[in-house]
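# Observations on chain architecture
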Amino acid sequence: MVPRPGSLCELPLKLSWFLRELWAGPRRLWPGPAGDPRARAAPSFHLPSWLTHPIPWFPKTAIFSSPQEATMAFPHLQQPSFLLASLKADSINKPFAQRCQDLVKVIEDFPAKELHAIFPWLVESIFGSLDGVLIGWNLRCLQGRVSPVEYSIAMGFLDPGGPMMKLVYKLQAEDYKFDFPVSYLPGPVKASIQECVLPDSPLYHNKVQFPPTGGLGLNLALNPFEYYMFFFALSLITQKPLPGALHVRTSDCAYFILVDRYLSWFLPTEGSVLPVLSSSPGGPSPTPAPRTPTMSFASYGLHHTSLLKRHISHQTSVNADPASHEIWRSETLLQVFVEMWLHYYSLEMYQKMQSPHAKESFMPTEEHVLVVRLLLKHLHAFSNSLKPEQVSPSAHSHATSPLEEFKRAAIPRFVQQKLYLFLQHCFGHWPLDASFRAVLEMWLSYLQPWRYAPEKQFQSSDGQTRCVSERWAPFVQENLLMYTKLFVGFLSRALRTDLVSPKNALMVFRVAKVFAQPNLAEMIQKGEQLFLEPELVIPHRQHRLFTAPTFTGSFLSSWPPAVTDTAFKVKSHVYSLEGQDCKYTPMFGPEVRTLVLRLAQLITQAKQTAKSISDQYGESTSGHPFLSWLGFCLSDTNSSYPANDLDDMGQDSVRKTDEYLEKALEYLCQMFRLSEAQLTQLTLALGTTQDENGKKQLPDCIVGEDGLILTPLGRYQIINGLRRFDIEYQGDSELQPIRSYEIASLVRLLFRLSSTINHKFAGQMVALCSRADFLGSFCRYHLMEPGLANRHLLSPVAQGRTASRARGPRLSLRFLGSYRTLLSLLLAFFVASLFCIGPLPCALLLVLGYFLYAAAMTLLTEQGKLHQL
């Protein structure tokens, strides 16, 4: 192929086109039959004759005498850099759909030697940079109902069986490694590696790359699958959501759905792990790299050793079990997800974080918690997919497949400790608002593995939930702190929240309902009894492994009884999560029972408060039905209860709150065997009864030298809206703050006008109000504040003392600045116009009608005063 003579500037373009055709692969250069060996041979970099021989229209010497000279002359056109530069340019100039189509062709046509150079850039362009500057494809905000085309293309490209995974497996077959900076790993892992101590997880073994002299930092040498999953998992943490993503539903986003697909593909609940996809049509599948190092799940997470020793002791065995190839991707996926999403606090760091002076270093988002919950639910289904014969202890003595072993070890070996520290951190640092529901549901999902078993819990015919099977007793006992310690943590949160809120009431109801499931409380009590057994009956593990049977007994006599072995597991669980010197507080002990009684008191108070708010809401609505319909209802500034979400949700919300609290109280009584007599006594002792007038009592306080002093209980009652002081405005009504139902500028103008009139005609108004005839009564009705003498002082201590300062007669025009007054006048003029009455006659009629109304009210007021005398 010789180019036609033309301008010299066309040469680089023609050279660029030829090199792209050359690098496209053997099928593009040799379209021969499939059996021809030349069709499968790797393409050699041969330059055409028109580049290495003289050209008639060019100088008499050849352009390049060899491929090496051509490569040196055009370093920017070398194969990897040219392909990467071309893709980068396309990412700017081409639309998303076209870019993905080009990437699919590149992955299919180019060999791994050229693809490995673009792989890091491609991964970063999809998931964003580790520092969060580049957002990539923004998978966390991509939704099918908003952007159906982009969503479909992205999901197809990143699917476990899609082109991106084909690229990963293509590079995996060639054993390429990619550097991942240690500085972007979770805190405990980064600190451990920087201190030359290898973390417990096998994920980091034989991967740490020390920097050369003058290097900038440590790196991990990851295979393509690990590198891809590291970026995928960390994009949930490092990528900050965009401002418009606050209203995005997490379960509808591409990232959330991709997590679910990866879990279903690599952690299957039915069958085995799917085989690696073929890198080329009709070609053999590349052999996946086994997990490195090969180590048993039982030894995971036991000791910290130096980095050098671990590198020596965990070198990959040449004679590694080939069966480990079956689950290397499943194991890697789970470890990456757990390390990136949960491993943000080691046990030592968690203990330091309990100090009130500790600085907050990491706070998960609600989206982060929802994704972790998805992981936990799938892990329960994955672990519960073992057949009954595989779960039994006798099954361990027989040969089991690596997948079966992995299903048994997935949760206790990889997830349990990190999840416990993660939940403890969330319980202690999450804001006291309704967003805690995400953390709560994640916790409750982990506590109920039976919900994700093939034989799920069903309700009986009478509507009651069936008992939790004894099959789950080992899980409850080996996760004892997940049930007991976190339940106490939830109680401390519930005691500080406003239970009148329907969302907070729902959370209390959810926890009480889960823990009140039949037989669950008994399992927890049994686990606590096993933990509190004396230490003397618990033999050491090495005695079980190396003690030989005596001649006087049977071979089985050297093994401890089953109960003792279970007690050892419970103690190991507690000590591994809380340390050897932990102080365990029994869930059914007196301390926790006291907290439950306090919660029961607050639930009773919240029910009464919700009822009072409901009654008050009904009275205010019935008092102004028409104005409420128009949205101009006046707000009561002297309301006894502060605003909460009940005001926004109405009577239906009050009903739900009452139902949630009623059922939660019933479940708590079942769990802790509380009687009705106890609840009644505690309610009376707390002072939640109403006084004779049906009004709520004052907050709990004591009388001091300067007046009332709130007690801690009184402060809690005020903060949560359970009680309030009956406070009214005692100042000048003309100087009240401008209300939301008033026109600010008009109120100020009317105040200046009325002040001018009062100042100019003060003497005449006093003289008129001093008269004893009807005119004097009429003026007093309009110019004197009604009920001024009956107002009490602000302090509730001296309620019998009245305000001593009296005000003279004055004119007040502030009522004309109210939206309600102006709306009423407009309606009156509108109705009058329907009867062909003009504005001036309508105004005269309104004035006449008001004078008649005022005369009648004056007579009634004077008669009332005479009766009082």
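All chains use their own residue numbering, which begins from 1 and follows the written sequence. Thresholds applied to this predicted model are a pLDDT of at least 70 for local features of residues and 80 or more for the giving and counting of side-chain atom pairs; totals over whole chains, interfaces and linings are not thresholded and use all residues. Each side-chain value is worked out from all heavy atoms of the structure, with water and hydrogens disregarded.

### Digging into helix α17 (residues 366-383)
In plain terms, the rule: What counts as a helix is a DSSP run of H or I of at least four residues, what counts as a strand is a run of E of at least two, and both are numbered from the N terminus. In a helix, the anticipated span is given by 1.5 Å times the number of residues less one. Residue burial is assigned from relative accessible area. The probe radius is 1.4 Å, only protein chains are included, and a residue is buried under 20% of its type maximum, exposed over 50%, and partly exposed in between.
With 18 residues, α17 extends 26 Å from end C-alpha to end C-alpha; this agrees with the ideal 26 Å at 1.5 Å per step. Taken across its 18 residues, α17 has 14 buried, putting it largely inside the fold.

### Details of empty space enclosed by the protein
Our working definition: A pocket, in this scheme, is an open set of points on a 1 Å grid over the protein atoms alone with protein on both sides within 12 Å along at least 5 of 7 lines, while a cavity is a set where a 1.4 Å probe fits but cannot get out; residues line either one if an atom lies within 4 Å of a point. Grid points are joined across faces, edges and corners, and a volume is the space filled by probe spheres set on the points. Put simply, Ala, Val, Leu, Ile, Met, Phe, Trp, Tyr, Cys and Pro go in the nonpolar bin, Asp, Glu, Lys and Arg in the charged bin, and everything else, Gly too, in the polar bin.
Tallying each qualifying case throughout the model produces nine cavities of 30 Å³ or more. The space that makes up the second largest cavity amounts to roughly 80 Å³. Taken together, Leu432, Asp433, Phe436, Phe490, Arg493, Ala494, Thr497, Asn504, Met507 and Val508 make up the lining of the second largest cavity. Residues of the lining of the second largest cavity, tallied by class, amount to six nonpolar, two polar and two charged.

### Considering a nonpolar patch on the surface
Note the cut-off: Patch membership is restricted to residues that have no salt bridge and whose relative accessible area is over 30%. Joining uses 9 Å for like charges and 5 Å for the nonpolar side chains Val, Leu, Ile, Met, Phe, Trp and Tyr. Only the protein chains shown count as cover for residues, and the accessible areas themselves come from Shrake-Rupley with a 1.4 Å probe. When a carboxyl oxygen of Asp or Glu lies within 4 Å of a side-chain nitrogen of Lys or Arg, that pair is called a salt bridge.
A contiguous nonpolar surface patch, about 620 Å² in accessible area, is contributed by Phe830, Val831, Leu834, Phe835, Ile837 and Leu845. The greatest single-element share of the nonpolar patch, amounting to three residues, is contributed by helix α36 (residues 819-834). Following the sequence through the fold, Leu834 ends up in helix α36. Judged by its relative accessible area of 57%, Leu834 falls in the exposed class.

### Focus: the confidence of the model for the protein chain
The cut-off we apply is this: Within a predicted model, pLDDT stands for the predictor's per-residue confidence, ranging from 0 to 100. Between two residues, a contact is recorded if the distance between any of their heavy atoms is within 4.5 Å.
On average, residues of the protein chain score 74 in pLDDT, and 64% of them reach the 70 mark or higher. For residues 536-564, every residue scores under 50 in pLDDT, and the model assigns this stretch 20 contacts once sequence neighbours within four places are set aside. Here residues 796-804 is a poorly scored stretch, pLDDT under 50, and it has 13 contacts once near neighbours within four places are set aside; other chains count.

### Remarks on the nonpolar core
For clarity, the threshold we go by: We define the nonpolar core as a collection of buried residues of types Ala, Val, Leu, Ile, Met, Phe, Trp, Tyr and Cys that are connected through side-chain atoms lying within 4.5 Å of one another.
With 171 residues, the main nonpolar core has Leu139, Tyr228, Met229, Phe337, Trp341 and Trp443 as its most contacted residues. If sequence neighbours within four positions are ignored, Leu139 has contacts with Ile126, Phe127, Ala154, Leu158, Cys253, Ala254, Tyr255 and Leu258.

### Focus on the environment of Leu333
As for its position among the elements, Leu333 is in helix α15 (residues 328-341). Accessibility expressed as a relative area gives 0% for Leu333, which makes it buried. As for Leu333 and Phe266, which are separated by 67 residues in sequence, their C-alpha atoms are 7.5 Å apart. Residues in contact with Leu333, not counting those within four places in the same chain, are Phe225, Met229, Tyr262, Leu263, Phe266 and Leu267.

### Overview of the environment of Gln678
Within the fold, Gln678 resides in helix α31 (residues 676-686). Classification of Gln678 as partly exposed rests on a relative accessible area of 28%. C-alpha of Gln678 to C-alpha of Leu597: the two residues are 81 residues apart in sequence and 8.8 Å apart in space. Leave out the neighbours within four places in its chain, and Gln678 touches Arg593 and Arg673.

### Describing the packing of aromatic side chains
Where we set the bar: Any two of the Phe, Tyr and Trp rings considered here, Trp counted by its six-membered ring, make a pair once their centres fall within 6.5 Å; the pair's planes then place it as stacked at under 30 degrees, edge-to-face at over 60, or tilted in between. For a Lys NZ or an Arg CZ to count as sitting over a ring, it must be within 6 Å of the ring centre and within 35 degrees of the ring normal.
One pass over the structure, following the stated rule, counts 37 aromatic pairs. Consider the rings of Trp137 and Phe157, whose centres lie 5.7 Å apart with planes at 55 degrees: the pair is tilted. Pair noted here: Trp137 is in the loop between α8 (112-127) and α9 (148-158) and Phe157 is in helix α9, with a separation of 20 residues, a long-range link. Classification of Trp137 by relative accessible area gives buried; the value is 14%. Their ring planes at 85 degrees and their centres at 5.2 Å tell us that Phe427 and Trp443 sit as a pair that is edge-to-face. Taken as a pair, Phe427 in helix α19 (residues 402-429) and Trp443 in helix α20 (residues 437-447) lie far apart in primary sequence, 16 residues in all. Relative accessible area serves as the criterion here: at 0%, Trp443 is assigned to the buried category. Taken together, the ring pairs in this structure connect Phe127, Phe225, Tyr228, Phe232, Tyr255, Tyr262, Phe266, Trp328, Phe337 and Trp341 into an aromatic cluster. Directly above the aromatic system of Phe531 lies the positively charged group of Lys571, at a separation of 5.2 Å from the ring centroid.

### Side note on the environment of Ala410
Following the sequence through the fold, Ala410 ends up in helix α19. What makes Ala410 buried here is its relative accessible area of 0%. Separated by 75 residues in the primary sequence, Ala410 and Gln335 place their C-alpha atoms 9.3 Å from one another. Once residues lying within four places of it in the same chain are set aside, the contact partners of Ala410 are Leu334, Leu379, Phe382, Ser383 and Val415.

### Description of the sheet that holds strand β2 (residues 208-209)
Formally: DSSP bridges decide pairing: two strands pair if at least two such bridges lie between them.
In space, the three strands of this open sheet follow the order β1-β3-β2, with antiparallel pairing throughout. Looking along the sheet, the strands with just one partner apiece sit at the ends: β1 (178-181) and β2. The sheet contact formed by β2 and strand β3 (residues 219-222) spans two bridges and is antiparallel. Bridging from a neighbouring strand, Gln209 pairs with Asn219 of β3.

### Topic: α8
Applied cut-off: A residue's bend is given by the angle between axes fitted to the 7 residues ending at it and the 7 residues starting at it.
The terminal C-alpha atoms of α8, which comprises 16 residues, lie 21 Å apart, in line with the 22 Å expected from a rise of 1.5 Å per residue. Of all the bends in α8, the greatest, near 40 degrees, is centred on Ile118, and the proline Pro120 appears no more than four residues after it. Listed in full, the buried residues belonging to α8 are Ala112, Glu114, Leu115, Ile118, Phe119, Trp121, Leu122, Val123, Ile126 and Phe127. Backbone geometry just downstream of α8 places Gly128 in the positive-phi region, at approximately 90 degrees.

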